[in-house]
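These are the residues of each chain, in order.
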Amino acid sequence: MSHESVALVTGASRGIGRAIALRLAEQHRVIGAARDEQALQALVADIEQRGGRAEAMALDVADPAQVAARLEGHAVDVLVHNAGVGTMKPLLDLTPAEWQRMMDVNVNALFHVTRALLPGMVARGRGHIVIIGSIAGRSAFVGGAGYATTKHAVMGFAENLMLEVRDAGVKVSVVSPGSVATDFSGRAEPRASAQLLADDVAAAVMSVVNTPPEVLMHRVEVRILSPKRPRGTE
Ligand SMILES: NC(=O)c1ccc[n+]([C@@H]2O[C@H](COP(=O)([O-])OP(=O)(O)OC[C@H]3O[C@@H](n4cnc5c(N)ncnc54)[C@H](OP(=O)(O)O)[C@@H]3O)[C@@H](O)[C@H]2O)c1
């Protein structure tokens, strides 16, 4: 009996999620989920060109009804919760809508998407849920009252869920990157300090997913070795 492993990546339309989808496609059939369907179609084309299999799923993870409807009936082996938004502002500059959006996409979506796919994993006695956290999930910074709060919540969610489902054969991991060169939080210009590349995070996800069946890598932090040294000069 051959089983084709399926990986679903949220926020696969660009940035870190796209890089993760490309790497996972070397070993799994990939479902790339995000709102930008055109970008997802381009991802699918890239994966197919490399000989992999993929499909695009238009999905707003912040819409619980849509999540339940679109994910119903999907058997997923590796679920990567990557979709995220960040508005870095002091608390009094954050609007209620900005606060709510970060809570909805970064935290509430974890509940809704997990709720849709976890029962199948438990029934099959295997599965891996990987959540993209952040160093902001354990460090505070000025402007992080909204974003870093959501990423702290991610750490709590992951550890509690891990304890809950480990005996059912389901793994839960968090991969927490430092600063990554993407368009996250509407950055207009590249940073002066060296940053990770999206593919560095994707490589870490692959390490976490490819541990022996009985081994769980629960938390991984990925940092640039030295923010002072531009990439390629080390
Ligand atoms: N960049 C960094 O420095 C950094 C550092 C640490 C952790 N992270 C984390 O890494 C993850 C990815 O960030 P990134 O840097 O790759 O950001 P990005 O380039 O802005 O990509 C964000 C992704 O999330 C998706 N997304 C946003 N809202 C969504 C929604 N409502 N429903 C479905 N998908 C949604 C976007 O797709 P659509 O717009 O097409 O929906 C996009 O694919 C986030 O969780 C972020 O917190 C980033």
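Look up: the structure comes first, before these words.
Residues numbered from 1 in each chain as written. Predicted model: local features only at pLDDT ≥ 70, side-chain atom pairs only at ≥ 80, totals over all residues. Heavy atoms only, no water.

A. Inspection of the pattern of salt bridges at higher detail. The full count for this structure, using the stated rule, is eleven salt bridges. Across the salt bridge formed by Glu55 and Arg29, the nearest N and O atoms sit 2.8 Å from each other. Linking Glu55 in strand E3 (residues 54–58) with Arg29 in strand E2 (residues 29–34), this pair joins segments that are 26 residues apart in sequence. For Glu55, a relative accessible area of 30% puts it in the partly exposed group. Asp60 is the salt-bridge partner of Arg101, the closest N and O atoms lying 3.9 Å from each other. (Salt bridge = Lys/Arg side-chain N within 4 Å of Asp/Glu carboxyl O. Helix = DSSP H or I, 4+ residues; strand = E, 2+ residues; numbered from the N terminus. Buried < 20%, exposed > 50% of the residue type's maximum accessible area, 1.4 Å probe, protein only.)

B. Summary view of the pairing of strand E1 (residues 6–10). In terms of residue burial, E1 counts as a mostly covered element, since five of its five residues are buried. Of the two faces of E1, the one lined by Val6, Leu8 and Thr10 and the one lined by Ala7 and Val9 are each fully buried. Where E1 and E2 come together, five bridges link them in parallel fashion. Its bridge partner being in E2, Val9 is matched across the sheet by Gly32. In terms of handedness, the path from E1 via helix H1 (residues 15–24) over to E2 forms a crossover that is right-handed. Sheet analysis places E1 next to strand E4 (residues 78–81), joined by three bridges and oriented parallel. Its bridge partner being in E4, Val9 is matched across the sheet by Val80. (Pairing = 2+ DSSP bridges. Right-handed = clockwise from strand over helix to strand, strands pointing away.)

C. Focus on the packing of H1 against helix H6 (residues 198–209). Running from N to C, H1 and H6 cross one another at 50 degrees; their axes reach a closest spacing of 8 Å. By the angle between their axes, H1 is oblique relative to H6. The chirality of how H1 crosses H6 is right-handed. Contacts between H1 and H6 involve Gly15, Ile16, Ala19, Ile20, Arg23 and Leu24 from the former and Ala198, Asp199, Val201, Ala202, Ala203, Val205 and Met206 from the latter. Of the residues that constitute the contact of H1 with H6, the class distribution is ten nonpolar, one polar and two charged. (Axes fitted to C-alpha atoms, helices over the stretch in contact; angles between N-to-C directions. Parallel < 35°, antiparallel > 145°, perpendicular 65-115°, else oblique. Left-handed = near helix turned anticlockwise from the far one by under 90°. Contact = heavy atoms within 4.5 Å. Nonpolar A, V, L, I, M, F, W, Y, C, P; charged D, E, K, R; others polar.)

D. Local environment of the site of the ligand. Ser13, Arg35, Asp60, Tyr147 and Thr182 are the nearest of the 31 residues found near the ligand. Contacts to the ligand include Arg14, whose side-chain N or O atom sits 3.1 Å from an oxygen atom. Take Tyr147: an N or O atom from its side chain is 2.6 Å from an oxygen atom of the ligand. Where the shell around the ligand is concerned, the elements lending two or more residues are H1, helix H4 (96–124) and helix H5 (147–165). Class assignment of the residues belonging to the shell around the ligand gives a composition of 13 nonpolar, ten polar and eight charged. (Near = heavy atom within 4 Å. Polar contact = N/O pair within 3.5 Å; in protein donor to acceptor, adjacent residues only side chain to side chain.)

E. Representation of the pairing of E3 in the model. Bridge analysis of E2 against E3 gives five bridges, and the strand direction is parallel. The residue bridging Gly32 from the neighbouring strand is Ala56, located in E3. Of the crossover connections in this fold, the one passing from E2 over helix H2 (residues 37–49) to the parallel E3 is right-handed.

F. Structural detail: the nonpolar core. Ranked by size, the top nonpolar core spans 34 residues in total, and within it Ile20, Leu24, Val30, Val80 and Val175 carry the most contacts. Counting residues per element, this core draws most heavily on H6, which supplies eight residues. Ranked by size, the runner-up nonpolar core spans 30 residues in total, among them Leu118, Ile129, Met155 and Met162. (Core = buried A, V, L, I, M, F, W, Y, C linked by side-chain atoms within 4.5 Å.)

G. Geometry of the sheet that holds strand E7 (residues 219–222). Read from one edge of the open sheet, seven strands run E3-E2-E1-E4-E5-E6-E7, paired in parallel fashion. Single-partner strands in this sheet number two, and they are E3 and E7. Averaged over all pairs of adjacent strands, the angle between strand axes in this sheet comes to 15 degrees, irrespective of strand direction. Running at roughly 160 degrees to strand E6 (residues 170–177), H5 makes contact with strand E5 (127–132), E6 and E7 of the sheet.

H. Representation of the layout of surface pockets in the model. Taken as a whole, the second largest pocket encloses approximately 430 Å³ of empty space. Around the second largest pocket, the lining comprises 20 residues; the ones closest to its centre are Arg126, Gly127, His128, Lys171 and Val209. Counting only elements with at least two residues in the lining of the second largest pocket, the list comes to E5 and E6. Taken together, the residues that form the lining of the second largest pocket break down as six nonpolar, nine polar and five charged. (1 Å grid on protein atoms, 1.4 Å probe; cavity = no way out; pocket = protein on both sides within 12 Å on 5 of 7 lines; lining within 4 Å. Points joined across faces, edges and corners; volume = space filled by probe spheres on them.)

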